[in-house]
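# Descriptive analysis of the structure
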Amino acid sequence: MSTTRKHTALPKAQILIEALPWLVRHNGKTVVIKFGGNAMVDEELKAAFAQDVVFLHHAGLKPVVVHGGGPQISAALDKHGIVSEFRAGLRVTTEDAMDVVRMVLAGQVQRELVGLLNRHGPLAVGLTGEDAHTITATRHRPEIDGEPVDIGRVGEITGIDTGAIEALLADGRIPVVSSVARSQDDHHVYNVNADTAAAALAAALGAETLMVLTDVEGLYEDWPNSDEVISRLTASQLEKLLPDLSSGMVPKMEGCLHAVRNGVTTARVIDGRVQHSILLEIFTDEGIGTMVVPDEKPDEKPDEKPGEKPDGRPDEQGES
């Protein structure tokens, strides 16, 4: 090999070495990824997402993908002549609409994602929250002007059974979960928010990380006055910010808060418009997006472990 070729290849080796402490730290750990936003509809981003998830799998992590499908559901309802209506930021889901939601999530979005992942090997297996009682819900009645309103078959999660997902992970598979839940009360099913479902699954699985793909860079410091992204905040800091967040960010950040308050080590909101954003967040020193961590205990330094910087990232020596 010529000297020129050696020098050309060197940056690739340096990139791999930078990833080493992260590979060591995350090996064998479960990471729940909420797939959504522009990454769901842009062909190049979809393909890059599938590559990232398969990379995590082969790097020794245990990825679990959870998805919704807002744009696809709206398009299908329109095709069936069903008007899309939203109340309290949630889709009003009649019995007819629920049939379409279920069909789109389990029969279209999930199938496409499973297919993209399985281009790389016999890895992905699709299921919905109905399967093996994975997600159980009861009717959610949000309050508008202090009064509870009926928005149809929209569910509030009441239980998680991780048995089927854990069996798939033990078998070396990548579970892909559609955000449809079985009913606790009757024989129907519920449409559940995918951000909320991902957070509930992350907590129940004891995941190392919850990652939520969005169409923004992260949580902004003072939006719309500033586009400065908050790179790290604690659960209590996030809780104080929640009342002032935009409606689209609320379920994502509530999900992150639920996750870290229930045993998940870190929850991250990352920009799904950036190709390979998952790898950038997990395997580089800089990371991207906003990371939420549990509150420090009085006898601990802020989220610091041996060989880590205070922001939860390994030190320069690459120890983990």
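Described in the following lines is the structure provided in the data block. Fair warning: this is a prediction, and the values are worked out from it, not measured in the lab.

## Some words on the overall build of the chain
From N to C terminus, the chain includes nine helices and 15 strands. Residue burial in the chain is summarised as follows: out of 320 residues, 48% are buried. Within the chain, contacts between residues at least 6 apart in sequence are counted, and of these 71% link residues at least 24 apart. As displayed, the chain has an accessible area near 15400 Å², and 50% of this comes from carbon and sulfur atoms.

## Here we look at the environment of H276
Tracing the chain through its elements places H276 in the loop between β14 (266-271) and α9 (277-283). Relative accessible area serves as the criterion here: at 28%, H276 is assigned to the partly exposed category. Taking the C-alpha atoms as reference points, H276 and Q51, separated by 225 residues in sequence, lie 8.1 Å from one another. Dropping the residues within four chain positions of it, H276 is found in contact with A48, Q51 and D52. Side-chain polar atoms of H276 contact the side chain of D52, separated by 2.6 Å.

## Focus: the packing of aromatic side chains
Ring pairs (aromatic) are described by centroid distance and by the angle formed between their planes. Tallying each qualifying case throughout the model produces two aromatic pairs. Here the aromatic rings of F55 and F283 are separated by 5.7 Å at their centres, their planes lie at 65 degrees, and the arrangement is edge-to-face. Highlighted residues: F55 in helix α2 (residues 43-58) and F283 in helix α9, separated in sequence by 228 residues. Overall, F283 belongs to the buried group, its relative accessible area being 6%. Directly above the aromatic system of Y190 lies the positively charged group of R153, at a separation of 4.3 Å from the ring centroid.

## Examining the pairing of strand β12 (residues 209-214)
With six of six residues buried, β12 lies mostly within the body of the structure. Covered by surrounding structure in β12 are T209, M211 and L213 together with L210, V212 and T214, the residues of both alternating faces. Sheet analysis places strand β1 (residues 30-35) next to β12, joined by four bridges and oriented parallel. Considered in β12, the bridge of V31 is made with T209. Two strands pair when backbone bridges link them, and β12 and β14 are joined in this way by six bridges, in the parallel orientation.

## Here we look at helix α4 (residues 95-118)
A rise of 1.5 Å per residue sets the reference length of α4, with its 24 residues, at 34 Å; its end C-alpha atoms lie 33 Å apart and thus fit the reference within 8%. Helix geometry: α4 is bent most strongly at Q110, by close to 35 degrees. Within α4, the full set of buried residues consists of A97, M98, V100, V101, V104, L105, V109, Q110, L113, V114, L116 and L117.

## Side note on the packing of helix α6 (residues 194-205) against helix α8 (residues 250-260)
Running from N to C, α6 and α8 cross one another at 10 degrees; their axes reach a closest spacing of 8 Å. Classed by the angle they form, the pair α6 and α8 counts as roughly parallel. Between α6 and α8, the contacting residues are D195, A199, A200 and A203 on the first element and P251, K252, G255 and H258 on the second. For the contact of α6 with α8, the residue count by class is four nonpolar, two polar and two charged.

## Overview of the nonpolar core
Membership of the largest hydrophobic core comes to 43 residues, with the highest contact counts inside it found for I33, F49, L56, L117, I278 and F283. Elements supplying a minimum of two residues to this core: α1 (3-26), β1, α2, α3 (70-79), α4, β10 (174-183), β12 and α9. Looking at this core, the element that brings in the most residues is α4, giving eleven residues. One finds L201, L245, A259 and V264 within the second-largest nonpolar core, a separate group that totals 39 residues.

## Some remarks on unusual backbone geometry
The residue A132 is not glycine, and still its phi comes out positive at about 55 degrees. For A132, the location among the structural elements is in the loop between β5 (124-129) and β6 (135-139). What makes A132 partly exposed here is its relative accessible area of 49%. Its identity as a non-glycine residue notwithstanding, D145 has a phi of 55 degrees, on the positive side. Along the chain, D145 falls in the loop between β7 (143-144) and β8 (147-148).

## Side note on the pattern of salt bridges
Counted under the stated rule, the structure contains 16 salt bridges. With a shortest N-O distance of 3.2 Å, R139 and D150 are connected by a salt bridge. Separated by eleven residues along the polypeptide, R139 in strand β6 and D150 in the loop between β8 and β9 (155-160) bring together distant segments of the chain. A residue is classified by how much of its surface remains accessible, and R139, at 25% relative accessible area, is partly exposed. For D150, a relative accessible area of 46% translates into the label partly exposed. Its salt-bridge partner being D186, residue R153 comes within 3.4 Å of it at the nearest N-O pair. Placement of the pair is R153 in the loop between β8 and β9 and D186 in the loop between β10 and β11 (189-191), with a sequence separation of 33 residues.

About the thresholds
- Sequence positions are assigned chain by chain, starting from 1 and proceeding in written order.
- For this predicted model, a pLDDT threshold of at least 70 governs which residues receive local features, and a threshold of 80 or more governs which side-chain atom pairs are given and counted, while totals over whole chains, interfaces and linings are taken from all residues.
- As a rule here, side-chain values come from all non-hydrogen atoms in the structure, and water together with hydrogens is ignored.
- Going along the chain from the N terminus, every DSSP run of H or I of four or more residues is numbered as a helix, and every run of E of two or more is numbered as a strand.
- For the exposure calls, accessible area comes from a 1.4 Å probe over protein chains only, and a residue counts as buried if that area is under 20% of its type's maximum, exposed if over 50%, partly exposed in between.
- The criterion used for residue contact is that any of the two residues' heavy atoms lie within 4.5 Å.
- Per-residue accessibility takes into account occlusion by the displayed protein chains alone, with areas from the Shrake-Rupley method and a 1.4 Å probe.
- A 3.5 Å cut-off defines polar contacts: any pair of N or O atoms within that distance qualifies, except that in protein one atom must be a possible hydrogen donor and the other a possible acceptor, and neighbouring residues in sequence count only when both atoms are side-chain atoms.
- Two aromatic rings from Phe, Tyr or Trp, using only the six-membered ring of Trp, form a pair when their centres are within 6.5 Å; if the ring planes differ by under 30 degrees the pair is stacked, by over 60 it is edge-to-face, and anything between is tilted.
- A ring has a charge above it when a Lys NZ or an Arg CZ is no more than 6 Å from the ring centre and no more than 35 degrees off the ring normal.
- For two strands to be treated as a pair, DSSP must find no fewer than two bridges joining them.
- For a helix, the expected span equals 1.5 Å multiplied by the number of residues minus one.
- Note that bend, as reported per residue, equals the angle between axes fitted to the 7 residues terminating at that residue and the 7 residues originating from it.
- The angle between two axes is taken between their N-to-C directions and runs from 0 to 180 degrees, where each axis is a line fitted to C-alpha atoms and a helix contributes only its stretch in contact.
- Angular relationships are summarised with four words: roughly parallel below 35 degrees, roughly antiparallel beyond 145, roughly perpendicular across 65 to 115, and oblique for the angles in between.
- Any residue that is not Ala, Val, Leu, Ile, Met, Phe, Trp, Tyr, Cys, Pro, Asp, Glu, Lys or Arg is counted as polar, Gly included; the first ten are nonpolar and the last four charged.
- Residues enter a nonpolar core if they are buried and are Ala, Val, Leu, Ile, Met, Phe, Trp, Tyr or Cys, with the set joined through side-chain atoms within 4.5 Å.
- Here a salt bridge means any side-chain nitrogen of Lys or Arg lying within 4 Å of a carboxyl oxygen belonging to Asp or Glu.

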